[in-house]
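# An overview of the molecular structure
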Amino acid sequence: MSSQLIYNIGMLVTPEGNEARRGADQGRLKVLENAWIYLENGSIVACGDRNQPMTFGEKYDAGGRLVTPGLVDAHTHLIFGGWRQNELAMKIRNVPYLDILAAGGGILSTVKATHAATEEELANKAGRALDEMLSFGTTTCEAKSGYGLNKKEELKQLKVIKALNKNHPMDVVPTFMGAHALPPEFKENREGYLKLLCEEMIPAVAKQKLAKFCDVFCETGVFTAEESRRILQAGLDNGLIPKIHADEIDPIGGSQLAGEIGAISAEHLIVCPDAGIESMAQGGTIACLLPATSFYLNSTYAPARKMIEAGVPVAMASDFNPGSCPCLNLQLVMNLGCLKYRLTPEEVLTAVTLNGAAAIGMADRVGSIEAGKQGDLVIWDAPDLNYLCYRLGSNLVHAVVKKGNFYRGN
Ligand code: NIG
Ligand code: FE
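Read on for a plain summary of the structure. Just so it is clear, the model here is predicted, and its values are computed rather than measured.

Calculation criteria
Residues numbered from 1 in each chain as written. Chains lettered and ligands numbered in written order. Predicted model: local features only at pLDDT ≥ 70, side-chain atom pairs only at ≥ 80, totals over all residues. Heavy atoms only, no water. Patch = residues over 30% accessible without salt bridge, like charges linked within 9 Å, V, L, I, M, F, W, Y side chains within 5 Å. Areas by Shrake-Rupley, 256 points an atom, 1.4 Å probe, with all protein chains shown as cover. Salt bridge = Lys/Arg side-chain N within 4 Å of Asp/Glu carboxyl O. Helix = DSSP H or I, 4+ residues; strand = E, 2+ residues; numbered from the N terminus. Donors = N, O, S within 2.8 Å, 3.2 Å for Na, K, Ca; no water. Buried < 20%, exposed > 50% of the residue type's maximum accessible area, 1.4 Å probe, protein only. Polar contact = N/O pair within 3.5 Å; in protein donor to acceptor, adjacent residues only side chain to side chain. Contact = heavy atoms within 4.5 Å. Near = heavy atom within 4 Å. Nonpolar A, V, L, I, M, F, W, Y, C, P; charged D, E, K, R; others polar. Core = buried A, V, L, I, M, F, W, Y, C linked by side-chain atoms within 4.5 Å. Domains from an automatic or database assignment.

On the surface, L88, I92 and Y296 cluster together into a nonpolar patch covering about 300 Å² of accessible area. Here L88 is to be found in helix α1 (residues 88-92).

Glancing now at the coordination of the iron ion (ligand 2). Ligation of the iron ion (ligand 2) by protein atoms is provided by H75 (NE2), H77 (NE2), H245 (NE2) and D319 (OD), these donors lying 2.0 to 2.4 Å from the ion. One chain supplies every donor to the iron ion (ligand 2), and in sequence these donors are spaced H-x1-H-x167-H-x73-D. Of this pair, H77 sits in the loop between β6 (71-73) and α1 while H245 sits in strand β10 (residues 241-246); the two residues are 168 residues apart in sequence, bridging distant segments of the chain. For the pair H77 and H245, a shared accessibility class is recorded, and that class is buried.

Its location among the elements puts N321 in the loop between β13 (314-316) and α12 (330-339). Reaching out from N321, the side chain makes a polar contact with the backbone nitrogen of G323 at a distance of 2.6 Å. Of the polar contacts made by the side chain of N321, one reaches the backbone nitrogen of S324; its length is 2.8 Å. What N321 contacts, discounting residues up to four positions off in sequence, is H77, F80, Y147 and P326.

Let us now look at the site of ligand 1. Around ligand 1 sit 15 residues, and of these Y97, Y147, E248, H268 and S324 come closest. At 2.6 Å from an oxygen atom of ligand 1 is found a side-chain nitrogen or oxygen belonging to Y147. At 2.8 Å from a nitrogen atom of ligand 1 is found a side-chain nitrogen or oxygen belonging to H180. Each residue belonging to the shell around ligand 1 can be placed in one class, and the counts come to four nonpolar, eight polar and three charged.

With 105 residues, the main nonpolar core has L78, I231, L289 and M307 as its most contacted residues. Per-element accounting of this core gives the leading share, eight residues, to helix α6 (residues 190-207). Counting the residues that make up this core, at least three belong to each of domain 1 (3-69 + 367-408) and domain 2 (72-359). In contact with I231, not counting residues within four places along its chain, are A179, L194, L197, C198, I202, C214, V216 and F223. Counting residues in hydrophobic clusters, the runner-up holds 19 residues, among them A20, A74, I264 and L354.

Quick look at the structure:
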């Protein structure tokens, strides 16, 4: 048995519990000063402060630094071939995201590059992205398929995710997103692709246990709310939990559908109407907000405060992908949560830890520093949480601890 004691923690800050925190609870954290954490076999056994001294284990001096739970990135499009730097000039000229997609660029150009890559190439590239995420403090992430858009290629992406989850220290949670765009060969035959998704791809993914969630891009020119309902229902019928990209550009009913169908999370929600917030509150759906995408698309920001006031738990994630957000740094996401959503550092920390974990069904294992959870922690070059949210553009990681193993930051 291995036992470790991380001591001389200047400040330990964590949300508590095994489920998403909503309303005023989103901003309530446990704070311990002069604290320690005791781990056995990579799991947290106890934590305390100077009033409850602990002396066992191999000792690690945190040097008076801030310690939080490892960050959880609940929304990434991790597996893709190529990049899309050629779109930058179009973005600068204000060519809309959906116009680039409609012209066969955007997601569809990444589909071509992903088809052209082997499983090994995709795994090597995504593995490097996971290394970078870990160096920025992320210890668990979700990863979507969605650059395959046919059965063979979607399964290829999901197999890469499975291999990464096994071989990389990061926990990587898989989502099937064959409904990311309409493939060009089905341009005149939407019904054909819907049938392929619902009757062949989803059952195959479920049978091979390659995904936990099913996600849909519910957007003008992509999938309507009714089509999204059908796809998510097929997922549910096959044991896949629904997620939905909703209200990113146009509010066409995605957030209302999320609550109605009991989606675990709805993503983006940049232009979420009040009816959508109401529906998510009713349905127990977590709002998974992606402020770095708003920044990158030069769009507006999701009504995060309204969501918290309505009792919708707010998570925040990177949306790492080659188009709308080529950024995997959750520290930047935290800055934007404060500066653009006007959330407090406490609400922001919950959003990128426990609520992110709940959005991917992992809140019983990660997302807080409590006995029984995995030993996933970040030791920050910061004295307190305010400092972490206030500094901009630096990597403040001192060390990352994943299941009790130490990884150095910058
Ligand atoms: O969440 N909106 C749809 N999917 C991604 C973008 C994917 C891409 O542009 O390649 C998103 O922003
Ligand atoms: Fe996305």
